[in-house]
Amino acid sequence: MNDMNLKEVFTKGLVKENAIFAMGLGLCPTLAVSTMAVNGIGMGALVIFVLVCSNFINSLIRNFVPDQARIPCYIVVIATFVTIVDLIMQAYFPSLSESLGVFVKLVVVNCIVLGRVEAFASKNKPWPSVIDALGIGVGFAGALILISALREIFGAGSITLFPIGNFNGIIKIPLLESKAARMVGLPAGALLVVGYLRALVTSLAAKKTARGG
Amino acid sequence: MNSLLKPALKLAIICFAAALALGLVNAKASPIIEARKAANLKEKLGALIEGEAIADGQLQAGQAKHYYRMQNASEGNFIVLELGPSGYGGPMTLLAAYRPDGSLINAVLAENSETPGIGKLAENASYMEMFKNKGAAEPLPATAAETASPDAVSGATVTFLAVSGALIEGSNLVKEGKIP
């Protein structure tokens, strides 16, 4: 695979084949954890790590994995990396681990991860598989951070980031804080935000196609 | 048989390698996780009530996981229970201090995954005011309607029911003398 193809492999996952807005994958954790910006950043980083490691290892062992048992083999590898990340988060990022809760473990059955292993890593060499995972992962993380930030800004009137030193991580937005639309922070609001953003992305993509881009 | 044996053997090898990797990471992370949980619990106990611990132990009674027999100058002997209700976002840890007659001295919501701005408000000290000094002659509120300000729990009913249910269960355990 040459450099131009690798660039296309990476960039297609950002918008054209974005996991949330284009393919509608991984919606369960997206809707559930996108209540605060810091959750979006944490879950996005987690999925990128698991995607890259799973794609790399599964691509390395693709000729060793028996066809009859390929799905269990893929899931064992994915579950190993998810558990490693879960343990590291509990040890070093406990508040983020609490916020993400059970959805960390649910990344094992996230269709984005298993889907990319089955569709790409199992048929390609390790380096292109890593690039594909990075593209899909960064696209997913970007979409998740955008959704989380919007939901927190309009649903709670604040943006929560990682605490550093004396900064507790919470940026309160004047006016919005006292008049936040609480529904945006609830599951119904999550569906609305994702729906509108998906419509916007689809509309922009359609206009670009019509212009011949 | 041979056609199944080879794939099964390969899957076993992959599982063994995965188990090895997990074992190594767990050996490093597990002590840190346990130390952090113990420190967190100690901090929450300190926020709950001042006192000297006399005895403690594990419990296998419903949502009650651990008990601490304590005493201080103002309350005399009292019991702190570590309760594990399930809230909107999953399992929670609730620390509650009871007098021997089952009335609640104070409670603190420790570990939880409740929604920020909604269920997470139960972490505030003021949230537990509606439960304090109840559980003996005056029962602990079991529904939002039984509280003095139902609006305070509006929109977070699941969290409220989890907290109140656990506090009532703890109070009953103390009243029935089921704490060693």
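To start, this report covers the structure provided alongside it. Only a predicted model underlies this, so the values are computations on that prediction, with no experimental measurement involved. (Residues numbered from 1 in each chain as written. Chains lettered and ligands numbered in written order. Predicted model: local features only at pLDDT ≥ 70, side-chain atom pairs only at ≥ 80, totals over all residues. Heavy atoms only, no water.)

## A word on the overall build of chain B
Rule in force here: The secondary structure listing takes helices from DSSP runs of H or I that are at least 4 residues long and strands from runs of E that are at least 2 residues long, numbered from the N terminus. A simple rule labels every residue: compare its accessible area, found with a 1.4 Å probe on the protein chains alone, to the largest value its type can have, and call it buried under 20%, exposed over 50%, or partly exposed in between.
Along its length, chain B carries 2 helices and 7 strands. For chain B, the sequential pattern of α-helices and β-strands runs α-β-β-β-β-β-β-β-α. If you line up chain B on its principal axes, its C-alpha atoms span 75 × 40 × 30 Å. Residue burial in chain B is summarised as follows: out of 180 residues, 41% are buried.

## Describing the overall build of chain A
Test applied: All radius of gyration figures rest on C-alpha atoms, and the globule criterion is 2.2 Å times the number of residues raised to 0.38. The contact criterion used throughout is that any non-hydrogen atoms of two residues lie within 4.5 Å. All accessible areas in this document rest on Shrake-Rupley with a 1.4 Å probe, and a residue is counted as covered only by the protein chains that are shown.
The number of helices and strands found in chain A is 8 helices and 2 strands. In chain A, the succession of α and β elements from N to C terminus is α-α-α-α-α-α-α-β-β-α. For chain A, the C-alpha radius of gyration of 18 Å lies close to 17 Å, the compact-globule estimate for 213 residues. With the C-alpha coordinates aligned to their principal axes, the bounding extent of chain A is approximately 60 × 50 × 30 Å. If you take every contact in chain A between residues at least 6 apart in sequence, the share linking residues at least 24 apart comes to 74%. As displayed, chain A offers around 10,400 Å² of accessible surface, 70% of which is attributable to carbon and sulfur atoms.

## Digging into the pairing of strand S6 (residues 94–98) of chain B
The side chains of a regular strand alternate between the sheet's two faces. Residues and elements named next belong to chain B. Rules: Strands are treated as partners if at least two bridges between them are detected by DSSP.
Along S6, 5 of the 5 residues are buried, which leaves the element largely enclosed by surrounding structure. Side-chain alternation along S6 places Leu94, Ala96 and Tyr98 on one buried face and Leu95 and Ala97 on a second face that is also buried. Sheet topology places S6 next to strand S7 (residues 104–109); 5 bridges connect them, and they run antiparallel. From the neighbouring strand, leucine 94 faces S7, where its bridge partner is leucine 109. If you look at the hairpin formed by S6 and S7, you'll find 5 residues sitting between the two strands, and glycine 102 has a positive phi there, around 90 degrees.

## Describing the packing of helix H3 (residues 37–60) of chain A against helix H7 (residues 126–156) of chain A
Residues and elements named next belong to chain A. Inclusion rule: Orientation is described by lines fitted to C-alpha atoms, with helices fitted over the stretch in contact, and by angles between N-to-C directions that extend from 0 to 180 degrees. Oblique is the label for any angle not covered by the other classes, which are roughly parallel (under 35 degrees), roughly antiparallel (over 145) and roughly perpendicular (65 to 115). A clockwise turn of the near helix away from the far one marks a right-handed crossing, whereas an anticlockwise turn of less than a right angle marks a left-handed crossing.
H7 packs onto H3 with a crossing angle of 165 degrees between their chain directions and a minimal axis gap of 8 Å. Viewed along their axes, H3 and H7 adopt a mutual orientation that is roughly antiparallel. Regarding H3 and H7, the two cross each other, and that crossing is right-handed.

## Observations regarding the state of the cysteines
Residue and element names in this part refer to chain A. For clarity, the cut-off: Disulfide: a pair of cysteine sulfur atoms within 2.5 Å of each other.
Scanning all chains against the criterion turns up 0 disulfides over all chains. The thiol of cysteine 28 is unpaired, and the distance to the nearest cysteine sulfur, on cysteine 111, comes to 9.0 Å. Note on cysteine 28: relative accessible area 49%, which makes it partly exposed. We note that cysteine 53 lacks a disulfide partner, and the nearest cysteine sulfur, in cysteine 73, lies 18 Å from it.

## Topic: the nonpolar core
Rule in force here: In these notes, a set of buried Ala, Val, Leu, Ile, Met, Phe, Trp, Tyr and Cys residues joined through side-chain atoms within 4.5 Å is what counts as a nonpolar core.
Ile20, Met43, Val50 and Val107 of chain A are the most contacted members of the largest nonpolar core, which has 50 residues in total. At 11 residues, the largest contribution of residues to this core is made by helix H4 (residues 70–92) of chain A. Once you skip the residues sitting within four places of it in the chain, valine 107 of chain A turns out to touch Met43, Leu46, Val47, Val50, Ile78, Val82 and Val113 of chain A. By size, the runner-up hydrophobic cluster in this structure holds 27 residues, among which are Tyr67, Leu81, Ala107 and Ala162 of chain B.

## Describing H3 of chain A
Helical periodicity: at 3.6 residues per turn, an α-helix aligns residues three or four positions apart in one direction. Rules: By this rule, a helix spans an expected 1.5 Å times one less than how many residues it contains.
The end-to-end C-alpha separation of H3 of chain A is 35 Å, in line with the 34 Å expected for 24 residues at 1.5 Å each. Most of H3 of chain A sits inside the fold, with 17 of its 24 residues counted as buried.

## Notes on the interface of chain A and chain B
The following threshold applies: A 1.4 Å probe defines the accessible area here, and the buried area is the portion of it lost by two parts on being joined, summed over both. Here, a salt bridge means any Lys or Arg side-chain nitrogen found within 4 Å of an Asp or Glu carboxyl oxygen. Whenever a nitrogen or oxygen atom comes within 3.5 Å of another N or O atom, the pair is scored as a polar contact, on the condition that within protein one atom can donate a hydrogen and the other can accept it, and that pairs from neighbouring residues in sequence are kept only if both atoms are in side chains. Polar here means any residue outside two lists: the nonpolar Ala, Val, Leu, Ile, Met, Phe, Trp, Tyr, Cys and Pro, and the charged Asp, Glu, Lys and Arg; Gly therefore counts as polar.
Between chain A and chain B, the contact holds 24 residues from the first and 24 residues from the second. Together, the buried faces of chain A and chain B total about 2,100 Å²; carbon and sulfur atoms form 75% of this surface. Interface area lost by chain A to chain B is led by Phe64, Leu87 and Glu98 of chain A, which between them contribute 26%. Applying the counting rule to chain A against chain B returns 0 salt bridges. At the surface where chain A touches chain B, the tally comes to 2 residue pairs in polar contact (both at pLDDT 80 or more). Secondary structure elements with two or more residues in the side of chain A that touches chain B: H4 and helix H5 (94–100) of chain A. With 11 residues, the top contributor of residues to the side of chain A that touches chain B is H4 of chain A. Classifying every residue of the side of chain A that touches chain B gives 16 nonpolar, 7 polar and 1 charged.

## Brief notes about the pattern of salt bridges
Taken as a whole and assessed by the stated rule, the structure comprises 9 salt bridges over all chains. Salt-bridge contacts for lysine 12 of chain A lead to aspartate 132 of chain A; the nearest nitrogen and oxygen are separated by 3.0 Å. Within this pair, whereas lysine 12 of chain A is found in helix H1 (residues 3–12), its partner aspartate 132 of chain A is found in helix H7, the two being separated by 120 residues in sequence. Summarising the burial analysis for this pair, lysine 12 of chain A and aspartate 132 of chain A share the class buried. Between glutamate 176 of chain B and lysine 178 of chain B there is a salt bridge whose closest N-O contact spans 3.1 Å.

## Some remarks on unusual backbone geometry
Residue and element names in this part refer to chain B. In this structure, asparagine 133 is a non-glycine residue whose phi angle is positive, near 65 degrees. Among the secondary structure elements, asparagine 133 is positioned in the loop between S7 and helix H2 (157–175). Asparagine 133 sits in the exposed class, given a relative accessible area of 51%.

## With respect to the sheet that holds strand S3 (residues 76–83) of chain B
Residue and element names in this part refer to chain B. The sheet built from 5 strands is open, its strands ordered S1-S2-S3-S6-S7 with antiparallel pairing. Looking at strand neighbours, the two that pair on one side only are strand S1 (52–61) and S7, the edges of this open sheet. Ignoring which end each strand starts from, the neighbouring axes of this sheet average 20 degrees apart.

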